[in-house]
Each structure stands twice: as structure tokens, then as C-alpha cells.
Amino acid sequence: MRTAVMLLALLALAAIPGSLFPQRNVASDPAAVINYAQENPRVAPWLDRLGMFDVYASPWFAAIYVLLLVSMTGCVLPRSRRLWQSVRSAPPPAPRNLARLEGHHSWTTSGEPAEIIATAAAHLRRRGFRVLTSTDEVRAERGYLREVGNLAFHLSLLVLLVGIAGGKLIGFEGRVAVAEGGTFANDLSQYDAFTPSAWTDVDNLEPVSFRLEDFDVSYQTSGPNTGQPTKFAARLAYRAGNGEEQTITVEPNHPLDVNETKFFLTGNGYAPIVTVRDGRDSVVFTGPVLFLPLDTDNASEGVIKAPDAQPAQLAFEGFFFPTADVGPQGPYSMFPDTLNPQLFLTAFTGDLGLSDGVPQSVFTLDKDELTQVRRDGRPFSQALSVGETMRLPDGQGTLTFDGVSRFANFQIAYDPGKEITLVAAIVLFVGLTTSLIVRRRRLWMRLRPSADAGTMVEIAGYSLTRREPPPNEIKNLVAALTSPHLTTPVNKDTPR
Amino acid sequence: MIFDEQTLAQFSNGLVYSAIAVYALALLAYAAEAAGQVASAAPVVPDSPAHNRLAGAGTMVAAPPSSGRLLGAVGTSLTVLAFLLNLGGVVTRGLAAGRVPWGNMYEFVLVCALAAGAAYLAFLSRRPVRAFGVWIVAIVLLALGLAVTVLYTPAGQLVPVLDSYWLVIHVAAAITGGGVFTVGAVATGLFLVRHRQERRGTVQAPKGRYAASLPTTRTLEQVAHTAHIFAFPIWTFAVIAGAIWAENSWGRYWGWDPKETWAFITWVFYAAHLHAQATAGWRGVRASWFALAGYAAFLFNFFGVNLWITGLHSYAGV
Ligand code: HEM
């Protein structure tokens, strides 16, 4: 048991750094580790070497819980054997000195020993004790269920690990952002981010596709929590396999579930719809562009890229404010809904750097080969309301703000070990509760010829757990044995 | 409805402030009682360890002088009143918001204070644990004070992701567990204080020591143990329900989010405590430290993680 205590304490301590340092593959902020490394260039490499950015997948963390489970198995299996033996064998004989045990009672009676024994045995059997009698002794035991619960609980930890491993070895997690009207097919190439496990069958993902018909959001418009969202609802038209097209509304806590591949709505933002024309006045881009929300009022930032523009490629960078206002610190958003949507953009021309094959984020510009568009020596920028057009100087091109649509973020997860984990968790909980509630205890009664005639009756109990036996158990037995038709007690100890 | 939501919310705030005032009075009464007992503590015969398991539940505290007993009774009555005011504050808050009243940090703390008060009163009705009163009331007062000053949030609707019945279940279990763990932690702390005094061994407890006025180590240990084995399965259930909820809303049941991590740390420390209690040589004092570590992790999860660490749970909202 000492090993178990030490390993458990070690496990608790080992879990701490993971909550203090940013972690890879932990959902809240994918860039957290990179940002941390930039801010702390000295210590970050060392922390990384120690596995501090990947605590829960690190070898030392695994070593602790594997050791713990091994020692647990080594501890619990022999215990199950002993339990089995003790269930099959009789409750042990009474210790010599009953007076040292709990709830000791003794009295002298003129009753018939056989009758006392029979009454006691019947009384205890009715209360669920296993009872063994001899001519001068009753042995009783109860609460074997506690050990069963304890075993079930400990062994369920192994099953839990199997379930977790199932998800970690076969499942996957991914993310995709889809604008209203946009589509998604469950294929690796369509994900924005995809985290497979060791054995994920990436070529045979569940065949599902969907179109985001519309995305409905509402916000509180009055009261103390103005601006707090009250509803997110994504209406999807989806098709599973070769089936019919169906519609479903996906909301937080209500995913689309197709054969265990689940699509959760986890975020949203705005996608301004723009049209970009180049120097020849031909349309080189049109459609919604995803902007990344920055704050709770949905001030968002993003870039618009037009690689087909001639004579040079065009790009725009800036902010979108759903309810724009200008304060002392510049433009900002007052409210998360689109009451006064505006785009604030600056422009770039040159080479977007898309042809060299290095994948680029859709939210950032690689400005190495780009020059900022200027007018009168200063960067050219403009605020646009819906319907307005930004004209770059010297006929380099235009951008029209056509309207606003929304996008929804979906988290896609497949975890085949989930049911096993759930069953293990239920067994864990039931086993634990049983083992903590049920009190395993023994009770003995012994008869001895008394010095001054009659029979001396002695009763005492013993708890095999750290909790005391139910206080009235012995009292009730004494009461049953001292009821008038048996005898009246002489010289009775009061319970302490 | 007879009252509009705004009125109810104000009413709720009024009740919470009244609860704070009454708890403060209860604290004074209990503190005065404890001080009186310390001043007059008669020699106490500690249980010998060998006897601990075998003897009946003896609580051989020197009977306090009657003025002390009166102060204690006043303290308890005030605690009951403050508890009822706290309860009223929580209920009206729920009515004002039109949902279960544990949707943000402010409300979590209100309900957790309520649970701690309830756990204390429940124990008090069975066992002579009034010596805890001063500590429980102090903790509850601190929590409520923090709630109304730092954490206050106006009553309102929930953000959509919190709008789930798993929230109701998960948070209710976590809060109940926390309230009972609080009683366990106080009992454990007092156990350690009392144990030190008993080990110094003097059968003649020095007069005027706080420890001498406490219940015996045996009583304290039993209360702590009962609290822990009651709270631990509830906490286990809270963690499982949280995982089911996380699966429902994010597609993964466990993601090592800071909040999940500290719930896990809490659980493992308490598991270590239960094992230590069953390990020869660790039972008692050493095991107690694990329980206190578990409680510290619980508190950190409640305050530290919500206030300093960002994660998916940070929308719990301060
Ligand atoms: C994998 C990590 C483990 C966890 C999370 C764990 C958890 C627990 C918990 C919560 C209890 C209290 C429930 C009860 O009293 O029935 C308990 C009891 C127990 N555990 Fe473990 N345990 C672990 C590993 C082990 C190991 C390695 C051993 C062997 C040394 C062990 C042996 C026991 C025994 C004998 C009890 C009963 C204690 C008693 O009689 O009060 N456990 N365990």
C-alpha cells in the first residue's frame, strides 16, 4: 500500500505542470506553445526537452500510471483470491477476549443455551449475516460486498485505460470552419486541422458531407449581460453515405452524429463577402472570407488574397467590426451582432508567395515579397460599409464589400473507445461507492457456564473497515435475546 | 410572476448580504466561545492510540463553562439563520435568472458556501463538532465576501454551451462534494493541531492551549473520515459527469483542460489519502496531509484556475 500512496501522490504532482505550461494538442489555443516559446526563448527549449509542453503524453507521466496500474493489479488480484477463499470458508472463530472488541455486552441468564443460539442465529440471518453456529458459539460476518466493490473499482481502472487507449490509437480529432453556403466532405484534404492517432484509417473516414445552410446567432440586447450570446444554431443539409439528403440543426451540446463520427459546433465568426477586381477590371476573387474573431464583441481580423490579379497579385489585410465605432484608440466593435458592419483594410501588391509550395495560413500574409499600397507617401487604407468600394490608387484594382455572412467552426471527433470508457467509469463509480458505504464486520456470541449457575452470554463485534459498525446492530441483537420470554438479564454491561 | 426578475435579483443580493452579516455575528459568538474555553480548558485525558479503535466514541472535552455553552448555542443559531438567508439568496437568484443558480463563479461560490454550511450543520446534528464552527463560518464568510466583492456577476441567461442538463448535474455534484470536503478539511486540520498537543504527550494538557479545547483526535478523525468517504464518491461522480458533458459539447471526454486537470489532481490526492489511511504507519498524521493537499487542489481549481489560467472552462465567467 505504501507504494500505491507514493505513486498516487507522484501522479498528482506530475499532472500539475501540464496545467501551468501551454500544452500541445490541448484544444483551447493551438498556437499557445509557439507563442510561449517566442516569449521565453531561453527556457522554452529546456522545458520542451523535459516534456513540459506535452506532459500527458510524456514517457515519465506514462511511467507513473503504468507502474501504478501494475502495482494495483499485483495488489488486487491476490486480494480477490483471498476474498474468494473467505467467502467460501466460514467466519473465523471468536477471539479469546471478546471484551476488547467493539460494543461488548455480557450478562448472565437462566435461558436454555440451544435456544439462545438459535434465536441469535435466526436474528442475524434475517439481517443478512453469514452465520455459523456451534453448541456454545455464534460466528457471523456481513458486508462481503465491500470487497467486491473494491475489486470492481480497482479493476475498472484497467478497463478505463483500454477505453482511453482505443480512442488514442484509432480515433481522430479535426477542425474545420465553414462559411454559410459552404460545404464540407469528410475527407482529409478538407480539414483545417487534423490530428490522427497511430492507427487512424485516414483513407476510410466516415462518408459524410454537408452544406451549411445558415448560421443563426442571437445576443442579449438589453440588461446587465448585453452582448452575451443566447443562441447558436447551424442548419446543415447533410448526406451520410449514399443516403438521402437530410437537414439537422447543430447547436452547442447537440452535435451531428453519423456512426460515431461527431460534428460539434464549437465556434463562429464573420466572413465578409467581397469582390476583388484587378488592374484590368476583371473579377479575380469573389465570395466570403473568414475573419478570425478577436474579442467578445467580435472585432475580427483577416486577410483577402487575390493571387490571380494582374499585373501583380493583390492582397488586403485589416479588421472587420460587426458594429463599428471609432473611439480614442481607433475603430472597435461595440456589439457582437451586425448592426453597423464595417471593414477597415489596407492593401498590398507583389508576390503572395503561394507558388513555392509552403502551406500558408489563410489568416496571415507572407509580406516578404509584398509592398504596401501607398498614396501621398502614406499607407493607403479605407473603411468600408456594405456596398462600398475601395479603389486603389493608380488603377491597381478595387475591392467591393458586398455583404456579411457568418462561418461556423466544427470540431470533428471519432473515438471508438468511448463506450468502453463509459462502462468502466460507471463500474468505477458503483464499485467505489459500494466499497465506501458497505461496512464489512464480524459479530460473535459466546456462551459459558456461569460460576453462580445459569449461562454467561457475551457478544461483541469487530469492524474490518475503518468505519464503525452500525451502532444499533449489537443492541438489537441483545434486545432480541433479552426479551422476556427468553430470560431477564442479570448483571448487564452497558455499552460504551 | 409577482416580482420581476430585476427585483428578485436585488432581493437575492440583499439576502446574501444579510447572510454575510449574520455569519459575521456567528463567527464572533463562536470565537468568543472558543476563547472562553481556551482560557478555562481543564486537563484533558487523551485517548491512548491503542484504545482508539476499541473504545466507544468518547468525546472527553472538558465541559465548557455555561457562559461558553450559551455563546456556542447562540453561534449555532446564528449559523442556522445565516444558512437560511444564504439558501434564500441562492433560490431567489435562480428565480431571477430563470435557471439553476450555478452558472458563473459568483453563483458557484454562493452555492458552495451553502453546501459547506449544510454539511457542517448536518454533522453538528449528529456529533459534538461545534469546535469546527468557528472555522467553517470563517471559511464560508471569506467565500461569500469574495463572491460579493470580486466575483459578482449580474443575474442573467447562460451562454449557450453551458445550457445543458449535464451542467446542472456536474456542477451540483462538484459543489456538494466541495462543501463536504470543506468539513473534512477543517476536521483534518484540527486533528493535526490536536494530535500535536496529544503527542507532546503530557497527559496534563497545558491549560490555556487552543488544542486542549478541541474534541479528541478520535472524534476529529472520525468526522474527517466520514466527510471524506461521503464526499469522495460525489466528487468521482462530478468528474465523470463533467467528462460526459465535455463529450457532449466538445467531442472529447477528457482533454487535460486546466479545470479537468485540477479535478483529477484533487481526486488523486484524496485517493492517496484513503490509501494512506489503510497503510500501517501512514494512518493519521501522514494521511492527513494528503487530504489537505486534495483540498488545496480543490480550492485552487475553484479560484486559481478560474482567475489565472485560461482554458475552455474560462467562460465560467468572473
Ligand atoms: C491505480 C491507482 C489506484 C487508485 C486510483 C486507487 C484508488 C483507491 C480508492 C479511491 C480507494 C478507497 C476505496 C475503498 O476504500 O474501497 C482504494 C482502496 C484500496 N486500494 Fe486502491 N487505488 C489504486 C491503486 C492501488 C494499489 C496499487 C493498491 C495495492 C497496493 C491498492 C489497494 C487498495 C486497497 C487494499 C484498498 C482498500 C483500503 C481499505 O481497506 O480501506 N490500490 N483505492
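First, a word on what this report is: a plain description of the structure on this page. (Residues numbered from 1 in each chain as written. Chains lettered and ligands numbered in written order. Predicted model: local features only at pLDDT ≥ 70, side-chain atom pairs only at ≥ 80, totals over all residues. Heavy atoms only, no water.)

### So, the side chain of asparagine 150 of chain A
Threshold: Helix and strand labels come from DSSP, where a helix needs a run of H or I of at least four residues and a strand needs a run of E of at least two; each type is numbered from the N terminus. Relative accessibility under 20% of the residue-type maximum defines a buried residue, over 50% an exposed one, and the middle range a partly exposed one, all with a 1.4 Å probe and only protein chains included.
Considering the arrangement of structural elements, one finds asparagine 150 of chain A in helix H7 (residues 145-170). A relative accessible area of 11% means that asparagine 150 of chain A is categorised as buried.

### Here we look at a nonpolar patch on the surface
Note the threshold: Grouping into patches uses exposed residues only, defined as over 30% relative accessible area, and leaves out salt-bridged ones; the cut-off is 9 Å for like charges and 5 Å for nonpolar side chains (Val, Leu, Ile, Met, Phe, Trp, Tyr). Surface accessibility in these figures is a Shrake-Rupley result with a 1.4 Å probe; residues are shielded only by whichever protein chains are displayed. For this document, the term salt bridge refers to a Lys or Arg side-chain nitrogen within 4 Å of an Asp or Glu carboxyl oxygen.
Together, Val80, Leu84, Leu87, Val91 and Leu95 of chain B make up a nonpolar patch on the protein surface, roughly 390 Å² of accessible area in all. If you trace the backbone, valine 91 of chain B turns up in helix H3 (residues 66-97).

### Digging into the coordination of the iron atom of the ligand
To keep things clear, this is the line we draw: Note that water is not among the atoms considered, so a metal site may appear incomplete; the donors listed are N, O and S atoms within 2.8 Å of the metal, with 3.2 Å applied to Na, K and Ca. Metal sites are grouped by the angles between bound donors: all angles between 85 and 135 degrees with four donors is tetrahedral, opposite donors over 155 degrees apart with the others between 65 and 115 is square planar for four donors and octahedral for six, and any other pattern is irregular.
Protein ligation of the iron atom of the ligand involves His154 of chain A (NE2) and His275 of chain B (NE2), the donor distances falling in the range 1.9 Å. Seen from the iron atom of the ligand, its six donor atoms lie at angles of 83 to 179°, and the figure they make is octahedral. Within this pair, whereas histidine 154 of chain A is found in helix H7, its partner histidine 275 of chain B is found in helix H8 (residues 258-277), the two belonging to separate chains. Judged by its relative accessible area of 11%, histidine 154 of chain A falls in the buried class.

### Thoughts on the site of the ligand
Basically, it comes down to this: One heavy atom within 4 Å of a molecule or strand makes the whole residue count as near it. Counting of polar contacts relies on pairs of N or O atoms within 3.5 Å, with two restrictions inside protein: one atom must be capable of donating a hydrogen and the other of accepting it, and residues adjacent in sequence are counted only when both atoms are side-chain atoms. Any residue that is not Ala, Val, Leu, Ile, Met, Phe, Trp, Tyr, Cys, Pro, Asp, Glu, Lys or Arg is counted as polar, Gly included; the first ten are nonpolar and the last four charged.
If you check the shell around the ligand, you find 22 residues, and the closest are Cys75, Arg146, His154 and Ser435 of chain A together with His275 of chain B. Looking at what sits near the ligand, you find residues from chains A and B. Asparagine 150 of chain A is positioned with one of its side-chain polar atoms (N or O) 2.8 Å from an oxygen atom of the ligand. Contact between the ligand and histidine 275 of chain B: a nitrogen atom at 2.6 Å from a side-chain N or O atom of the residue. Class assignment of the residues belonging to the shell around the ligand gives a composition of 15 nonpolar, five polar and two charged.

### Considerations on unusual backbone geometry
The linkage connecting glutamine 310 of chain A with the following residue, proline 311 of chain A, adopts the cis geometry, with an omega of 0°. Relative to the elements of secondary structure, proline 311 of chain A occurs in the loop between strand S14 (300-306) and strand S15 (313-321). A positive phi angle is found at aspartate 281 of chain A, which is not glycine, with a value near 65°. Residue position: aspartate 281 of chain A is located in the loop between strand S11 (261-278) and strand S12 (283-288). Even without being glycine, tryptophan 256 of chain B reaches a positive phi, approximately 55°. With respect to the secondary-structure elements, tryptophan 256 of chain B resides in the loop between helix H7 (217-250) and H8.

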